[in-house]
Amino acid sequence: MSSLIEHPHPKERRIIFENAGKSDYTPDIENYLAHGGYEEAKKAFTMTPEAIVNEVKASNLRGRGGAAFPTGVKWGFIRRDDGKPHYLCVNGDESEPGTFKDRYILHRDPHQLLEGMIITCYALNIHLAYIYVRCEYTHAKEIMEKAIQEARDRGFLGKNIFGMGFDLDIYFHEGAGAYICGEETSLLESLEGKRPYPRIKPPYFPAVLGLYMAPTIVNNVETICHVKHILRLGSAEYAAMGTAGDGGTRVLCVSGDVMKPGPYELAVGSVTLGELIFDICGGLRPGRSLKAIIPGGSSSKVLRANEIFKIKSKADDGTVIDKEVPLLDMVMDAANLAAAGSMIGSAGVIVMDDSRNMLWALNNLNQFYAHESCGQCTPCREGVLWMSKLSTRMIAEGTQESDSISLHNIADHIAGRTVCAFGEAASWPTQSFIDKFPEEFGAQIAHQ
Amino acid sequence: MDQRAHNTIEQTSSHGELLSHDDVLGSTLSQAERITSGLLDKVEEAITHYPVSKRSAALPLLHLWQNHFGFIDESGVEWIAAKLDLNSISILELITFYPWFRQKAPGKTIIRVCRTLSCALAGSYEIHEKFCKSTGIDPTCEGHHGIPTSPDAKFSVEFVECLASCGSAPVCLVNKDLVERVSLQDVEDIIKKNS
Ligand SMILES: Cc1cc2nc3c(=O)[nH]c(=O)nc-3n(C[C@H](O)[C@H](O)[C@H](O)COP(=O)(O)O)c2cc1C
Ligand code: FES
């Protein structure tokens, strides 16, 4: 796990990774306590649950798992006193290609996650919580279960935690190699021991009918860790680090054709894509120029190097103007990427230089989605496999003019026609690759 | 400093997934007939994690079973189903859905090479091919609920999707250990070390 480097870049602001980045930091509870651990959990019990939910709302924390949904709003859907059991399921599936941040928390700073979970559960009157983690993290179970036991031994988990009359059990649950289990309703089905076919919304919003049909909060690992820091810093200071409506820091994971790939924790909205790639990540390989950026995990729409976006922004006198923003000057946050027609998603930034063939890259992603479609919805099950076969054939036998039309057409008939957002996730690469790089999908001869 | 110059193979105390590989091959007893008290204890403990519904213990039990026996045979399906008061199909349909589970014995060393974009950009197809060629595995073989295994049963090699370590691509899992920035030289070393 060497891509999180010890010394942060000067532009970084490490809160979540403050400990995980240190090479001499160990995951045991003594060490965590020596670094101020569990102080915010103790503080939480001096606050009312409502006050905590209000702090999270005021912090402008948005989910770090993919949809950037405001966490406080999601929490607001849970009614503490409805007499039902409530559950928390932490999403550590980390399965979106290009994303590799939760792994550092789970392996190196397990107590930070547990502390965030304790605060969350107290705030929402939850007494049973699960951490769902992909089994490819072969050591995470051992590390997290040891941390859970340590916290139990100290009275931070189990009955009457912190002597405050509140009971909480947390268990670790391993997935089994399926991308779809990162989708929250699939995760719940998986946790119930069933084939993880996503549930349809409405009615199965987790906050209404979640785990065991009870109100359930599903949040990403990083999201839950932020909760601790909101209490530590106060919502005002936390929110001020970010932009309007999008507070705090966020880990951007950069991979692909840059000199220094890795996870970088930055204040939300503090860098442009150009600064991220050319300053923080050390630029491209020698002699190469930029071709494409997938900004938010493999499912987000690709952006082309020389694109210029029209983005609405406020002028000094308060009027809204259309500003022309070249790709590399675009601020890397949820609002700007949405305005550019893509999304921040899981913040997995995949960079490709001019040595790359876009048909080849798309085919790689098509094969991923074909392998990972759960098979529940016909348009997705059939369409994604069809797209993958088509792009594979285009590479092997050459492209005919009708191919890109067919490919696009299939994608158009998947997106919006499936139970879960996998349909969009699988269609957006095809749609955007063809729209942005049409010349690479036109008729061409077979290449090796 | 160029991080790529550094090549880390993370060492762990673990020997890999299999507890008793020699036991896996050659036994005529079914897995359910060879269950140990150690495994039983772990099963009982895992079930306590799911006070609301025992069925939730399906994946944990499958993991325990596969970690112990190397794969899950028919008797395992039936045993786990009975343990959780389910029909066998409710367990079998999980094994056939999740890529991690297998119904046939794997090789002693299991190598999972990441196939997805960031790793592919960094050369994972060449890495996969070299692993296959040096172990005598057909790189186009898909395994079909088993896993492509070398004729001498020493190695299994398969492509897997994103291992969430894209920043140190290309990567692979050698049994339980993540190997980052894998080079063709590393492939030779891994094969030699595990032969
Ligand atoms: C196909 C698909 C895969 C997803 N994979 C993940 C994942 O690996 N990790 C994650 O946290 N969220 C993932 N999500 C998003 C979750 O459904 C959910 O929105 C998220 O876990 C909520 O947590 P947050 O509000 O803290 O972001 C995925 C969504 C889809 C549609
Ligand atoms: S693409 Fe290989 S680890 Fe993500």
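This is a predicted model, so every value here is computed, not measured.

The rules we used
Residues numbered from 1 in each chain as written. Chains lettered and ligands numbered in written order. Predicted model: local features only at pLDDT ≥ 70, side-chain atom pairs only at ≥ 80, totals over all residues. Heavy atoms only, no water. Helix = DSSP H or I, 4+ residues; strand = E, 2+ residues; numbered from the N terminus. Buried < 20%, exposed > 50% of the residue type's maximum accessible area, 1.4 Å probe, protein only. Contact = heavy atoms within 4.5 Å. Near = heavy atom within 4 Å. Polar contact = N/O pair within 3.5 Å; in protein donor to acceptor, adjacent residues only side chain to side chain. Areas by Shrake-Rupley, 256 points an atom, 1.4 Å probe, with all protein chains shown as cover. Nonpolar A, V, L, I, M, F, W, Y, C, P; charged D, E, K, R; others polar. Buried area = accessible area lost by both parts, 1.4 Å probe. Salt bridge = Lys/Arg side-chain N within 4 Å of Asp/Glu carboxyl O. Domains from an automatic or database assignment.

Colleague: Got a minute to help me understand the environment of A:F162 in this structure?
Modeller: Residue and element names in this part refer to chain A. Within the fold, F162 resides in the loop between β3 (158–161) and β4 (166–174). Given the relative accessible area of 18%, F162 is considered buried. Through-space distance from the C-alpha of F162 to that of A41 is 8.8 Å; in sequence the pair is 121 residues apart. Excluding residues that lie within four positions of it along the chain, F162 makes contacts with Y38, A41, K42, F45, I118, G155 and F156.

Colleague: Please clarify how the site of ligand 1 should be interpreted in this entry.
Modeller: Residue and element names in this part refer to chain A. If you check the shell around ligand 1, you find 18 residues, and the closest are G65, K74, N219, N220 and T223. Interatomic distance of 2.7 Å between a side-chain N/O atom of T223 and an oxygen atom of ligand 1. Expressed as a share of its isolated accessible area of 610 Å², the protein-covered part of ligand 1 is 90%. Element by element, the count of residues in the shell around ligand 1 is highest for strand β5 (residues 216–220), at three residues. Class assignment for the residues of the shell around ligand 1 results in three nonpolar, nine polar and six charged.

Colleague: Explain the interface of chain A and chain B to me, please; I cannot follow it from the model alone.
Modeller: Interface extent is often summarised as the accessible area lost during association of the parts. Listed per partner, the contact involves 64 residues of chain A and 49 residues of chain B. Interface of chain A and chain B: buried area, both sides summed, is about 4500 Å²; carbon and sulfur atoms make up 57% of it. It is A:A176, A:R195 and A:N364 that lose the most area in chain A upon contact with chain B, and together they represent 13% of the buried surface on that side. For the interface between chain A and chain B, the tally reads zero salt bridges. Elements represented by at least two residues in the side of chain A that touches chain B include exactly β2 (128–133), α7 (140–153), β4, α8 (184–191), β6 (249–256), β7 (262–267), β12 (348–353) and α13 (358–372) of chain A. If you tally residues by element for the side of chain A that touches chain B, the top one is α13(A), at eight residues. A per-class count over the side of chain A that touches chain B returns 34 nonpolar, 17 polar and 13 charged.

Colleague: How do you make sense of the domain arrangement of chain A when you look at a structure like this?
Modeller: All names here are of chain A. When cut into domains, chain A gives domain 1 (2–241), domain 2 (249–353) and domain 3 (358–440). Inter-centroid distance (C-alpha atoms) of domain 1 to domain 2 is 27 Å. In this complex, domain 1 contributes 27 residues to the contact, which on the side of domain 2 involves 29 residues. When the two sides are added together, the surface that domain 1 and domain 2 hide from each other amounts to roughly 2200 Å², 56% of it contributed by carbon and sulfur. Along the contact surface separating domain 1 from domain 2 lie one salt bridge. Put simply, D279 and K11 hold a salt bridge, and the shortest N to O gap is 2.6 Å. Counting the contacts that link domain 1 with domain 2 gives 15 residue pairs in polar contact (both at pLDDT 80 or more). Put simply, the parts of the chain that give the side of domain 1 that touches domain 2 at least two residues each are α9 (221–233) and α10 (235–241).

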